[in-house]
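Listed here are the chains, written in short residue letters.
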Amino acid sequence: MSHSINCKGKLLDLSTPIVMGILNATPDSFYNKGKESSSAELVANGLQMLNEGAQILDLGGMSSRPGAELISSNEEWKRIQQPLEELLVAAPQAIISIDTFRSEIAKKALDAGAAIINDISGGDINDEIVDVCIKYQAPYICMHMQGRPQSMQQNPKYQEIVAEVFAYLHDKIISFTSRGLKDIIIDPGFGFGKNIEHNYRLLTELNFFTNLGTPLLVGISRKSMVYKVLGVSAENSLEGTTSLHKSALNHGANILRVHDVKEAIACIATFNKEEKEI
């Protein structure tokens, strides 16, 4: 399915899959654990990701890992303001997404030059964030999450996970478009209120979500659904992540949200070649 989204007046073509690089301005992310959370390190990492082929950078100032601490809005903005501004000075054409569920952070970030808002709560925590995206005509990434990060992995349950996540995202799309939101990207929310079996069920039936008619983002990079199955750490889960990225592409993913851009770009290149030959 052919898609494009409007990012500050520039159409981003999603007819072939693209990569979103993860920039965590947090001291407690599940993977880098703050090793690259200074502004200078974030900017350098972001520029490297762009050089390697990432078409979107996803910058976040509050960890959403299971059990993550809820920080203040002021602290969240303090963490992302400088790297956001410096990235846009160094790479003015960069498309930067802001990973937040707070409308006030979304507004500040869009004013500062960000192009996309990535909301793990699908507007459930702060519905005004959708109104901000409507006002700024910014694409909105709507993710499914059962519960909240502080407790979401405490025995998540579903009667039929694919149908329930699909229905949730379907209702959100109808609601948001009726209010005037133009560009919506959906994310099934791997690891957000789901156990390993739930995650793999979503992955194997991912193509069902293409029926929603919106671009589909997949964020599985180095998550527990990879490293727990392999019996390794997040740091040693790149090969498993790449394997699941290929599966996600085969099932209709338009955007891969990743820590390792070069490897994801290679995965997409071989996928595109395979698709061309079929």
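Nothing here was measured: the structure is a model prediction, and the numbers come from that model.

Thresholds applied
Residues numbered from 1 in each chain as written. Predicted model: local features only at pLDDT ≥ 70, side-chain atom pairs only at ≥ 80, totals over all residues. Heavy atoms only, no water. Helix = DSSP H or I, 4+ residues; strand = E, 2+ residues; numbered from the N terminus. Rg over C-alpha atoms; globule rule 2.2 N^0.38 Å. Buried < 20%, exposed > 50% of the residue type's maximum accessible area, 1.4 Å probe, protein only. Contact = heavy atoms within 4.5 Å. Pairing = 2+ DSSP bridges. Salt bridge = Lys/Arg side-chain N within 4 Å of Asp/Glu carboxyl O. Axes fitted to C-alpha atoms, helices over the stretch in contact; angles between N-to-C directions. Left-handed = near helix turned anticlockwise from the far one by under 90°. Nonpolar A, V, L, I, M, F, W, Y, C, P; charged D, E, K, R; others polar. Phe/Tyr/Trp six-rings, centres within 6.5 Å; stacked < 30°, edge-to-face > 60°. Polar contact = N/O pair within 3.5 Å; in protein donor to acceptor, adjacent residues only side chain to side chain.

Trainee: Explain the overall build of the protein here, please?
Mentor: A tally of regular secondary structure across the protein gives 9 helices and 10 strands. Expected size for 278 residues packed as a compact globule is a radius of gyration near 19 Å; at 17 Å, the protein falls within 12% of this value. Principal axes of the C-alpha set define a box for the protein whose edges measure 40 × 40 × 40 Å. Counting the 278 residues in the protein, one finds 54% classified as buried. Considering only contacts within the protein whose residues lie at least 6 apart along the sequence, 69% involve residues at least 24 apart.

Trainee: Looking at this model, I keep getting lost on unusual backbone geometry. Mind explaining?
Mentor: Both trends apply: most residues other than glycine have a negative phi, and most peptide bonds are in trans. Phi is positive for Lys-8, close to 55 degrees, though the residue is something other than glycine. By the element assignment, Lys-8 lies in the loop between β1 (4-7) and β2 (10-13). Here the phi dihedral of Gln-137 falls at roughly 55 degrees; this positive angle occurs in a residue that is not glycine. In this fold, Gln-137 is placed in the loop between α4 (128-136) and β7 (140-143).

Trainee: I keep staring at the pairing of β1 and nothing clicks. Help me out?
Mentor: The two faces of the sheet receive side chains in turn, since in a regular strand these alternate between them. Residues Ile-5 and Cys-7 point to one face of β1 and are all buried, whereas Ser-4 and Asn-6, pointing to the other face, are not buried. Relative to β2, β1 is paired through 4 bridges, and the arrangement is antiparallel. Each bridged residue has a counterpart across the sheet, and for Ile-5 the counterpart in β2 is Leu-12. Turn length for the β1-β2 hairpin, with the two strands adjacent in sequence and antiparallel, is 2 residues, and the turn residue Lys-8 shows positive phi of about 55 degrees.

Trainee: Sorry, what's going on with the pattern of salt bridges here?
Mentor: Charged atoms that come close allow side chains of opposite charge to pair. Per the counting criterion, the structure on display carries 12 salt bridges. For Asp-111, the salt bridge is made with Lys-107, and the minimal N-O distance between the two is 3.1 Å. With a gap of 4 residues between them, Asp-111 and Lys-107 both fall in helix α3 (residues 103-111), about one helical turn apart. In this structure, Glu-274 and Lys-246 form a salt bridge, with 3.1 Å as the shortest nitrogen-oxygen distance. Placement of Glu-274 in helix α9 (residues 261-277) and of Lys-246 in helix α8 (residues 238-250) is noted, with a sequence separation of 28 residues between them. Residue Glu-274 is classed as partly exposed on the basis of its relative accessible area of 37%. Here the residues in one salt-bridge network are Asp-58, Asp-99 and Arg-257, joined through shared partners.

Trainee: Mind showing me how you'd approach the pairing of strand β8 (residues 184-187) here?
Mentor: Burial along β8 is two-sided: Ile-184 and Ile-186 and Ile-185 and Asp-187, pointing in opposite directions, are all buried. Alignment of β7 against β8, held across 4 bridges, turns out to be parallel. Directly across from Tyr-140, in β8, lies its bridge partner Ile-184.

Trainee: Would you explain the packing of α8 against α9 in this entry?
Mentor: Helices that pack against each other are described as a pair by the angle of their axes relative to one another and the distance between those axes. Two elements in contact, α8 and α9, have axes separated by 10 Å at closest approach and are oriented at 35 degrees. Where α8 crosses over α9, the handedness of that crossing is right-handed. Taken together, the residues of α9 that come into contact with α8 (itself represented by Leu-238, Thr-242, His-245, Lys-246, Leu-249 and Asn-250) are Glu-263, Ala-264, Cys-267, Ile-268, Phe-271 and Glu-274. Counted by class, the contact of α8 with α9 contains 6 nonpolar, 3 polar and 3 charged residues.

Trainee: What am I meant to see in the packing of aromatic side chains here?
Mentor: Two aromatic rings, taken as a pair, are described by how far apart their centres are and by the angle between their planes. Tallied over the full model, the rule gives 4 aromatic pairs. On the basis of an interplanar angle of 90 degrees and a centroid distance of 5.5 Å, the ring pair of Tyr-140 and Phe-176 is categorised as edge-to-face. Here Phe-176 lies in helix α5 (residues 161-179) and Tyr-140 lies in strand β7, a separation of 36 residues in the sequence. For Tyr-140, a relative accessible area of 0% translates into the label buried. Geometrically, the ring pair formed by Phe-166 and Phe-208 is tilted, given 4.5 Å between the ring centres and 35 degrees between the ring planes. Taken together, the residues span a long stretch of sequence, with Phe-166 in helix α5 and Phe-208 in the loop between α6 (196-204) and β9 (217-218) at a distance of 42 residues. Classification of Phe-166 as buried rests on a relative accessible area of 15%.

Trainee: Where do I start with the environment of Lys-194 in this structure?
Mentor: For Lys-194, the location among the structural elements is in the loop between β8 and α6. Classification of Lys-194 as buried rests on a relative accessible area of 1%. Between the C-alpha atom of Lys-194 and that of Asn-155, which follows or precedes it by 39 residues, the distance is 8.3 Å. Only 2.9 Å separates the side chain of Lys-194 from the backbone oxygen of Pro-188, close enough to count as a polar contact. For Lys-194, the side chain forms a polar contact with the main-chain oxygen of Phe-192, separated by 3.1 Å.

Trainee: Is there a simple way to think about the sheet that holds strand β6 (residues 116-119) in this case?
Mentor: Each strand in a sheet pairs with another by means of backbone hydrogen bonds, the pair being arranged parallel or else antiparallel. The 8 strands lie next to each other as β8-β7-β6-β5-β4-β3-β10-β9, forming an open sheet whose pairing is parallel. Each edge of the open sheet is held by one strand with a lone partner, namely β8 and β9. Here 3 bridges tie strand β5 (residues 96-99) to β6, and the two strands are oriented parallel to one another. Of the residues in β6, the one forming a bridge with Asp-99 is Asn-118. Lying on the sheet, helix α1 (residues 39-52) is in contact with β3 (18-24) and β4 (56-60); it crosses β3 at an angle near 170 degrees.

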